[in-house]
2 protein chains.
Amino acid sequence: MIKQVLIGVLCGAAVLTAGILIGHFGITMSSAPSWVKDVAKDVDESLIEKFLSEVDNIQIQENLRSLTKVPHMATTAGDEQTVQLMLKRWQDPETGLDQAWREEFMVYLSFPDPKKPNKVTVVSPSDEVLYTAREKEKTYTSDQDDPEVVQPYAAYSPAGHPKGKLVYANQGKPSDYQLLNNTVDLRGTIAITRYGGAGRGAKAINAAPYGVIGVLVYTDPLDINDGLMSDINETYPHSWYMPPSGVERGSFNGQFGDMLTPYLAAKEETYRIPAENITGIPPIPIQPIGFEDAYRLICSSIALGNLFVSIPCCFILLNLNLFSSDVKLDIFNYEEKKNSSNVMGVIKGSVEPDRYVIYGNHRDSWVHGAIDPSSGTSVMLELTRVLGKMVKQGKWRPRRSIIFGSWGAEEFGLIGSAEYTEQYFTKLSERTVAYINVDIAVFANATLRASGMPSLQKIIFKAAKQVDAPGLDSTSVYDNWIQYSNRTSQANGLIPNVGYLSGAGSDYAAFVHYLGITSMDISYTYDRSKTNARIYPAYHTAYDTFDYASKFIDPGFVSHQAIARTAGNVLIRLADSLLVPLNCSDYAETLEDYLNTAVTLYQHQLQERNISMEPLKRAVASFRSAATHLDQVIRSSDLANETPLTVRRINDQLMLLDRAFLDPLAFPDKYAYRHVIWASSSAGKPTFPGLADAFANAESQSSAWDKVHYHLSVLSQAIEGAAHTLGDVI
Amino acid sequence: MIKQVLIGVLCGAAVLTAGILIGHFGITMSSAPSWVKDVAKDVDESLIEKFLSEVDNIQIQENLRSLTKVPHMATTAGDEQTVQLMLKRWQDPETGLDQAWREEFMVYLSFPDPKKPNKVTVVSPSDEVLYTAREKEKTYTSDQDDPEVVQPYAAYSPAGHPKGKLVYANQGKPSDYQLLNNTVDLRGTIAITRYGGAGRGAKAINAAPYGVIGVLVYTDPLDINDGLMSDINETYPHSWYMPPSGVERGSFNGQFGDMLTPYLAAKEETYRIPAENITGIPPIPIQPIGFEDAYRLICSSIALGNLFVSIPCCFILLNLNLFSSDVKLDIFNYEEKKNSSNVMGVIKGSVEPDRYVIYGNHRDSWVHGAIDPSSGTSVMLELTRVLGKMVKQGKWRPRRSIIFGSWGAEEFGLIGSAEYTEQYFTKLSERTVAYINVDIAVFANATLRASGMPSLQKIIFKAAKQVDAPGLDSTSVYDNWIQYSNRTSQANGLIPNVGYLSGAGSDYAAFVHYLGITSMDISYTYDRSKTNARIYPAYHTAYDTFDYASKFIDPGFVSHQAIARTAGNVLIRLADSLLVPLNCSDYAETLEDYLNTAVTLYQHQLQERNISMEPLKRAVASFRSAATHLDQVIRSSDLANETPLTVRRINDQLMLLDRAFLDPLAFPDKYAYRHVIWASSSAGKPTFPGLADAFANAESQSSAWDKVHYHLSVLSQAIEGAAHTLGDVI
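Predicted model, so just to flag it, every value in this text is computed and none were measured.

1. Structural notes on the overall build of chain A
Looking only at helices and strands, chain A has 22 helices and 19 strands in total. Since a compact globule built from 730 residues should have a radius of gyration of about 27 Å, the 29 Å found for chain A is in line with a globular shape. The dimensions of chain A, computed from C-alpha atoms along their principal axes, are 130 × 65 × 55 Å. The buried share of chain A, taken over its 730 residues, is 62%. Nonlocal contacts in chain A, meaning residues at least 24 apart in sequence, comprise 79% of its contacts between residues at least 6 apart. Total accessible area on chain A is roughly 26200 Å²; 52% of this is exposed by carbon and sulfur atoms.

2. Some details on the sheet that holds strand S5 (residues 163-164) of chain A
All names here are of chain A. Taken together, the four strands give an open sheet; going across it, the order is S3-S2-S11-S5, and neighbouring strands pair in antiparallel fashion. Because the sheet does not close on itself, it has two edges, and the strands there are strand S3 (129-132) and S5. With five bridges connecting them, strand S2 (residues 119-123) and strand S11 (residues 326-330) associate as antiparallel partners. When the bridges of S11 are listed, Lys-119 appears paired with Asp-330.

3. A closer look at the confidence of the model for chain A
Low-pLDDT portions of the prediction should not be read for the details of their coordinates. Confidence in the prediction for chain A averages 94 pLDDT; 93% of positions are at 70 or higher. Contacts from residues 302-320 of chain A, a stretch scored under 50 in pLDDT, to residues over four places away or in other chains number 38 contacts.

4. Here we look at the interface of chain B and chain A
Listed by partner, the interface residues are 72 residues for chain B and 72 residues for chain A. Buried area between chain B and chain A, summed over both chains or domains, comes out near 6200 Å², and the portion from carbon and sulfur atoms is 65%. Broken down residue by residue, the surface that chain B buries against chain A is led by Tyr-271, Leu-645 and Ile-730 of chain B, which jointly contribute 13%. At the surface where chain B touches chain A, the tally comes to six salt bridges. The partner of Glu-269 of chain B in a salt bridge is Arg-618 of chain A, with the nearest N and O atoms 3.0 Å apart.

5. Structural notes on the UniProt feature "domain: Transferrin receptor-like dimerisation" (unreviewed entry) in chain A
As annotated in UniProt, the feature "domain: Transferrin receptor-like dimerisation" (unreviewed entry) corresponds to residues 611-726 of chain A in the numbering used here. Here residues 611-726 of chain A runs as 59% helix and 0% strand, with 28 Å between its end C-alpha atoms.

6. Re helix H6 (residues 174-181) of chain A
Buried residues of H6 of chain A: Asp-176, Tyr-177 and Leu-180 of chain A, and no others. Seen end-on, H6 of chain A carries its buried residues on one side only, within an arc spanning 95°.

7. A short note on the packing of aromatic side chains
Per the counting criterion, the structure on display carries 94 aromatic pairs over all chains. Ring plane angle 65° and centroid distance 5.5 Å describe the contact between Tyr-236 of chain A and Tyr-548 of chain A, whose orientation is recorded as edge-to-face. Here Tyr-548 of chain A lies in helix H16 (residues 546-553) and Tyr-236 of chain A lies in the loop between helix H8 (221-224) and strand S9 (250-251), a separation of 312 residues in the sequence. On the basis of relative accessibility, which here comes to 0%, the residue Tyr-236 of chain A falls in the buried class. Seen in terms of ring centroids, Trp-366 of chain B and Phe-412 of chain B are 4.9 Å apart; in terms of plane orientation they differ by 50°. Their pairing is tilted. Here the residue Trp-366 of chain B occupies a position in the loop between strand S13 (352-362) and helix H10 (374-392), and Phe-412 of chain B occupies one in the loop between strand S14 (400-407) and helix H11 (415-423), the gap between them amounting to 46 residues. Phe-412 of chain B matches Trp-366 of chain B in its accessibility class, with the two residues each being buried. Ring-pair connections join several aromatic residues into one group, and the members of that group are Tyr-140, Tyr-236, Trp-240, Tyr-241, Phe-443, Tyr-526, Tyr-536, Tyr-539, Tyr-543, Tyr-548 and Phe-552 of chain A.

8. Brief notes about unusual backbone geometry
Residues other than glycine predominantly adopt negative phi, and peptide bonds predominantly adopt the trans conformation. Each neighbour pair has its own omega, and for Asp-372 of chain A with Pro-373 of chain A the value is 10°, a cis peptide bond. Positionally, Pro-373 of chain A belongs in the loop between strand S13 (352-362) and helix H10 (374-392). Of note in the backbone geometry, Ala-672 of chain A takes a positive phi value of approximately 65° without being a glycine. Looking at the secondary structure, you find Ala-672 of chain A in the loop between helix H20 (644-655) and helix H21 (689-700). A residue is classified by how much of its surface remains accessible, and Ala-672 of chain A, at 2% relative accessible area, is buried. Despite not being glycine, His-540 of chain B shows a phi value in the positive range, around 65°. Along the chain, His-540 of chain B turns up in the loop between strand S19 (519-525) and helix H16 (546-553). What makes His-540 of chain B buried here is its relative accessible area of 4%.

9. Let's talk about the pattern of salt bridges
All names here are of chain A. Applying the stated rule across the entire model yields 72 salt bridges over all chains. In this structure, Glu-62 engages Arg-65 in a salt bridge whose closest nitrogen and oxygen atoms are separated by 2.9 Å. Of this pair, Glu-62 and Arg-65 both sit in helix H4 (residues 57-67), three residues apart, which is roughly one turn of that helix. Accessibility expressed as a relative area gives 31% for Glu-62, which makes it partly exposed.

10. Some thoughts on the pairing of strand S12 (residues 334-347) of chain A
All names here are of chain A. As judged from the 13 bridges shared by strand S1 (residues 99-111) and S12, these two strands associate in the antiparallel manner. When the bridges of S12 are listed, Glu-104 appears paired with Ser-341. Relative to strand S14 (residues 400-407), S12 runs antiparallel, the two being bridged by five bridges. Its bridge partner being in S14, Ile-347 is matched across the sheet by Ile-402.

11. Brief notes about the relation of the copies chain B and chain A
At an RMSD of 0.0 Å, chain B and chain A line up after a rotation of 180° and a shift of 0.0 Å along the axis. What the rotation and shift describe, once combined, is the action of a two-fold rotation axis. Of the residues that chain B buries at the interface, 99% are likewise interface residues in chain A, meaning the two copies contact each other through the same surface.

What counts as what
- Residues numbered from 1 in each chain as written.
- Chains lettered and ligands numbered in written order.
- Predicted model: local features only at pLDDT ≥ 70, side-chain atom pairs only at ≥ 80, totals over all residues.
- Heavy atoms only, no water.
- Helix = DSSP H or I, 4+ residues; strand = E, 2+ residues; numbered from the N terminus.
- Rg over C-alpha atoms; globule rule 2.2 N^0.38 Å.
- Buried < 20%, exposed > 50% of the residue type's maximum accessible area, 1.4 Å probe, protein only.
- Contact = heavy atoms within 4.5 Å.
- Areas by Shrake-Rupley, 256 points an atom, 1.4 Å probe, with all protein chains shown as cover.
- Pairing = 2+ DSSP bridges.
- pLDDT = per-residue confidence, 0-100.
- Buried area = accessible area lost by both parts, 1.4 Å probe.
- Salt bridge = Lys/Arg side-chain N within 4 Å of Asp/Glu carboxyl O.
- UniProt positions renumbered as here; feature names shortened; annotations may be inferred.
- Arc of directions from axis to C-beta.
- Phe/Tyr/Trp six-rings, centres within 6.5 Å; stacked < 30°, edge-to-face > 60°.
- Least-squares fit on C-alpha atoms with pLDDT ≥ 70 in both.

What follows is the structure, given as structure tokens:
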């Protein structure tokens, strides 16, 4: 009986099992295709934890050591070495990416002539050389002795040999020359200026109309060294401060991208404008020098400038009489079209390969570039190592594709990234979820600094909360950050302050302004209560070396590690989240802030001219209401169980939001600026840039009120257009 | 025992059933969500058949009767009646759309003054009026007596009262005035021109530089009536030909969209440029007249023009001596900003509501506008009735959303559609699969005519094959068409010839040129072996009435029906097909044809100037190769079983293809033209328009070769960019 029961039970079980199997597999019509699970997959928090734990500070340190072995100015042999290094890493079978390759552009660069070094001399009326400024920076470590250290120069300064009396012109702003011109006849003079206040090239562009024939520029110790000057015990190699002979190199070009091929990728046969048609570069020779030389020159000529200069020049008086002597510049810079490489690498997305998250940094430096840009490149290489390994081991493949860009020739004007966006304009516009830029990863080791579109703010916060602050126990990067920089948001309460990408300070420029791609830039930075340095003092000098970085910027590379973890966390979330982690209501808050400022500053005067701000107010209100609605749709959706096309629809709305703010006709005088919310502005007001600039112009030129009205319409239409994209799709 | 076996079998069956049920429903993880079937659904051929059978010619006829009761020029009371009609139909609870509404724009229009009618007179030296041209067209049916029939006029002609000797200037082309100027001093003259050869406004714009002070324009019977002229037995109401007093009205504005608000939607508070800054409109008064009046004037003045004119004027010699008399124009046109309405209607998509197929036509006419535009509107209303009914009955909902647009103020310069695209620029750019324009649905009843992007060709063919040709037994629209107009395609063999949308002839202009949306325009048209009429003869006259349409253009409305079926078939396929039915290889063929022409015409001379065509050749080759690849991907995919995101990816590639050809900087002198393949061109060569124009300019102005090179780079980059979007997405 027991046996029979047993048989019965076994048979029953067998039949049941057969039934289950038939029910499960046999009725194929309703069994789910294998992709149903895949398309609904969200970011895997355990993978993020694994990623965070694998990011290694020592790897970053060793990356930096490799990258900074030799100077790697764009298109030099050193640059090629870094190209090879990137390719080797990204093509590594165990820790590399799916694919990596180089892309070349033939771009217009400017170099000093190694055979005829630029010279700055003081000459007597009989042309006797009384004093010669340094041609090179002083050597403290063997790095400065590398023959490939480029002489300090101003890229895109014309060659020339101006000679004239020296005048001190402060920061070379328009107002500086105007003031000086009240008391001094500037015609035929050489102006000496300090960095800051105006763009590099602007110091010469502003000078030329007054008849100035040459310009010198130096970094003032008050601006960079918290006043310290002595290389006996105060400056590098004793501290992070700039030695007296240190010179900031730089591009003196005011726009971004290759200047001969505006809006066109600079291929060999691409049409090039005549070089004489280039605008925004110095019309007269300009040369950067160290503060030691600058002081000698200034102190001897101080009476001429008739300006009070608070520098201790009295103590270094020279036996030079500049009242009768001239300063002479001998500039031998030349321009050349050269092939510059971007190195590209990709991890192909599993579910939405046609959606891109782009992460980039430039590779080229002025000299060894340990901080600028190799700190960022070291971080990028560590990210790709950790992510690449997971991919190669089959443990992970992101939902969306990730593109890594190691841009070339950034130092000459963000050229590699700009050419890339020109070449792939449509494809990138259509498919890019976000661009993450990590150029200088660590300026200093006090706190996070982040800039970007407001829609990215929450995901940056989320990532920063999951990363330990370097050097602090049980404090997150976020908790540390909020102590250094915060603001109160109506919707979010007290939060860290995320800056805006309204300028063209790094390779995000083309992504933000030309393509309208949601972008961010992050780094570790200063404690402003401890230094007033305009930027880390070795910036663009021969002292920006591995030794400098590892001793004074980030000993132990823990801030680098924190940036790698934070940026990588954001990257994974952007690539893997089912719902694209961009928040449109945070964008609305910024627009409202901008609007409030605009109303306060402009409404009264505009009303007097019968220009209504109501369309702008309505547009911002529409945007807010559409954003609230979309957030409500998102909250009330069970996205993991929705059709993937519904999720994609919402994701497209979020991804393409910034594109709606583009208008190629909004800024006819600004090259490649199309984003009406983030364009650069000279008015310096925390509001819509085109409106602020148009208003400032109209105040000084009454015929220009029409342009204010025009821009208000452009702006209102763009914001309304953005609101339309967030509302119900039909 | 039997009982036991029975019980056993029953138990076994019950257990098996339980198992099946558990297997099927209990293991929820792997049962398919309900949307899995929906997202894979393709176009339903039986639904198309149902649609075709329901399209009713009598309904179309009655639509036309309703639409043409009164004249409905833009913004008049008659226009408002048609707005109400559209809204009533589209909001009908049984046959309407999901939603319908109106959208207003305040646009700049031009009208004659009803209180001071424009006059054309012949006056003696003592200002005695010797002859007065007709103010209105002759009445043959009561339609012409409607007080709302607008007096013939040239919209945007300035008011003015020029008086001078009459000269005959042929078509008013630049070459016509140039030739005339060789023998006659044109200063102070009135030029009489015939329609054709040059744009309407161009006849005045070309004249002004020679000192001409006024222009008349008429439709020559040789151009419109196959030479027939007599209203006793030859012209309407005896045939479709234009009566002697018939006058073609029109907009004499050369660009599209509201002229005071370029690139901005014309809302009440939008910035408007000063009216004096408008370009492209007649600088001197111009007025259209009938050929009867024109002949009287020309015959009397023929000696002056010194041109041979082959018209039978000798027989209608008047008692006017124009050698001593003057012709005087008294033009009282005025401009006014008025609210013009678009009527919009939508059917919301079921699976991809964020993908739009747009179907549109203008609603405004010059007079009754039976053919232009009401033939198209009648067809649109019949489409929406049939589709709306299926939606309301729950029998159908398209995969993608369908948007219907009944545009306002097209006759004044495609204003309603252009403002719509300006207001919704981003949303439409991102989401629109295609735009279908059916303006004049039936010019004549011989054969189909279709124009559009080559990627649409195959779906037009497919639709045309399923529709019976009107009036022919067992012949499809396709089979009939291919007999009238065909070409041999390398890939497709002998096929009907699909034209291109390179001009701005109807509301597709803003969609094609400004937004880069894949578009088409279809109609039924002439047998060219039977008529040389430039266009159907009642075009823009007071004779374009229901009577005219139903008697002479399409008795029985069977050609209207064929257009409704063909256009509707394309519409349903665009909205319902799983794979967007756009073919990129057919686009490649056109690019290759263009390239071959360009190489033949230009390569030799370009080589001489060191301008290489290789980048263009490479770009076209890249495009071809990417298109072949994508077609291969499509062919090898089992789309119905793929993840919907894979299908979406391919569909996005196809949908966005035309967007890749946009460059807002490609045509700095052409308003709103951005599509480098289809822009208008004055060179008249079957090749890339910007290249052809730049080359033609350079031939006459040697400093302009740079612009040829520049445009070659723009063009190559756009085509390469398009190829990038078709290739592997990563």
